[in-house]
Amino acid sequence: MDNLFKSLNDEQVRAMSANKRSKIYRKGELIFREGDHAAGLFCISRGNIKVFKTGSEGRDLIVRLARSGDAIGYRALISREPYYASAVALEDAQICFVPAEEFFRYIGDNPSFTMELIQTLSRDLRLAEERILRLAQKTVRERLADALTLLLDTFGADPADPHMVNVHLSREDFASLVGTATETVIRLISDFRTEGLIETPGKRIRILDEKTLRQIAGHTT
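Keep in mind that this is a model prediction, so the values were computed, not measured. (Residues numbered from 1 in each chain as written. Predicted model: local features only at pLDDT ≥ 70, side-chain atom pairs only at ≥ 80, totals over all residues. Heavy atoms only, no water.)

Student: What is the right way to look at the environment of Phe104 in this model?
Tutor: With respect to the helices, strands and loops of the structure, Phe104 is situated in helix α4 (residues 100-109). The contacts of Phe104, once residues within four sequence positions are left out, are Leu77, Ile78 and Arg80. (Helix = DSSP H or I, 4+ residues; strand = E, 2+ residues; numbered from the N terminus. Contact = heavy atoms within 4.5 Å.)

Student: Is there a simple way to explain the sheet that holds strand β1 (residues 21-25) in this structure?
Tutor: The strands making up a sheet are joined through hydrogen bonds of the backbone, oriented either antiparallel or parallel. The strand order across the open sheet built from four strands is β1-β8-β3-β6, with neighbouring strands paired in antiparallel fashion. Sheet topology places β1 and β6 (71-72) at the edges, where each strand pairs with a single neighbour. For β1 and strand β8 (residues 93-99), the ladder comprises five bridges, and the chain directions are antiparallel. Across the sheet, Ile24 pairs through a bridge with Gln94, a residue of β8. (Pairing = 2+ DSSP bridges.)

Student: Sorry, what's going on with the side chain of Thr120 here?
Tutor: With respect to the helices and strands, the residue Thr120 is situated in helix α5 (residues 111-137). There is a polar contact of 2.9 Å between the side chain of Thr120 and the backbone oxygen of Glu116. In this view, Thr120 contacts Leu4 and Tyr74; residues no more than four positions away in its chain are not counted. (Polar contact = N/O pair within 3.5 Å; in protein donor to acceptor, adjacent residues only side chain to side chain.)

Student: Would you mind going over the packing of helix α7 (residues 171-178) against helix α8 (residues 182-194) with me for this structure?
Tutor: The packing of two helices is summarised by the inter-axis angle and the distance between the axes. Packing of α7 against α8 brings their axes to within 8 Å, and their N-to-C directions diverge by 100°. If you check the angle between α7 and α8, you find them roughly perpendicular. Contacts between α7 and α8 involve Arg171, Glu172, Phe174, Ala175 and Val178 on the former and, on the latter, Thr182, Val185, Ile186 and Ile189. Looking at the contact of α7 with α8 residue by residue, the class counts come to six nonpolar, one polar and two charged. (Axes fitted to C-alpha atoms, helices over the stretch in contact; angles between N-to-C directions. Parallel < 35°, antiparallel > 145°, perpendicular 65-115°, else oblique. Nonpolar A, V, L, I, M, F, W, Y, C, P; charged D, E, K, R; others polar.)

Student: I would appreciate a short explanation of the packing of aromatic side chains in the present structure.
Tutor: Each aromatic ring pair is specified by the distance between its two centres and by the angle formed by the two planes. Counted by the stated rule, this structure contains five aromatic pairs. Summarising the aromatic geometry, the rings of Phe103 and Phe104 are spaced 5.5 Å apart at their centres and angled 70° between planes, so their arrangement reads as edge-to-face. Plain terms: the ring middles of Phe103 and Phe113 are 5.8 Å apart, the flat faces sit at 80° to each other, and that makes the pair edge-to-face. With a gap of 10 residues between them, Phe103 in helix α4 and Phe113 in helix α5 connect regions that are remote in the sequence. Overall, Phe103 belongs to the buried group, its relative accessible area being 0%. Residue classification places Phe113 among the buried positions, given a relative accessible area of 0%. The ring of Phe52 has Lys50 sitting right over it, with the charged end atom 5.2 Å from the ring centre. Over the aromatic face of Phe104 sits the side chain of Arg80, whose NZ or CZ is 4.4 Å from the ring centroid. (Phe/Tyr/Trp six-rings, centres within 6.5 Å; stacked < 30°, edge-to-face > 60°. Buried < 20%, exposed > 50% of the residue type's maximum accessible area, 1.4 Å probe, protein only. Lys NZ or Arg CZ within 6 Å of the ring centre and 35° of its normal.)

Student: What's the story with the pattern of salt bridges in this structure? I'm lost.
Tutor: Pairs can form between side chains of opposite charge once their charged atoms are near each other. Using the criterion set out here, one finds 15 salt bridges in the structure. Note that Arg75 and Glu81 form a salt bridge whose closest N and O atoms lie 4.0 Å from each other. The salt bridge involving Arg105 is made with Glu102; its shortest N-O contact spans 2.4 Å. Remark: Glu102 and Arg105 occur in helix α4; sequence separation between them is three residues, near one turn of the helix. Through salt bridges with shared partners, a single network forms among Asp153, Glu210 and Arg214. (Salt bridge = Lys/Arg side-chain N within 4 Å of Asp/Glu carboxyl O.)

Student: Can you walk me through the sheet that holds strand β2 (residues 30-32) in this structure?
Tutor: Judged by pairing direction, the sheet is antiparallel, and its four strands sit side by side in the order β2-β7-β4-β5 without closing on themselves. Each edge of the open sheet is held by one strand with a lone partner, namely β2 and β5 (60-66). Each strand axis lies, on average, 35° off the axis of its neighbour in the sheet, ignoring direction. Relative to the sheet, α7 contacts β4 (49-54) and β5, its axis offset from that of β5 by approximately 90°.

What follows is the structure, given as structure tokens:
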């Protein structure tokens, strides 16, 4: 969100602040639903969010993870199409909502903001394409290693523990991120523990051997 709105002038910032609405979403609460009409832009002030699609068999696939400072829902807003996915709070989160008419006013009045938006959409398209390739070409073990490093890159480490990933994900969410059955993820997490790559205190993940995980994931150095 900071990068997306950094080109707004002072007047536009004041207008956005006056027109936006802030709401606390509790853990597990739905922010928007796949198929609903996009009425505005959601900006995450605090908390972590998952964006996911539900397949024909009822299984969810996480297509994006978002954190404080990110904006969500803008693709559907710009294309004037229904949401292609749903968004849910992974933890208690504070989210601001900017109405559509206010958002489009920025596009009409500020070419720099329009360019920031185009760059953001282009980056998100690239990331989506890369994710599709990973799901199609990598083994489940490689995808789990990739997911673990993605979580570390996205959310960082816990300030109190430099090896602890700073997000809580259920095993079901891990399965949705990796694109496999929950039972498979549980077995592979156990394998990674045995190999000394991670620890799992409670529902947390502590990365013990980041270098090897990245090698398993197929990341180039």
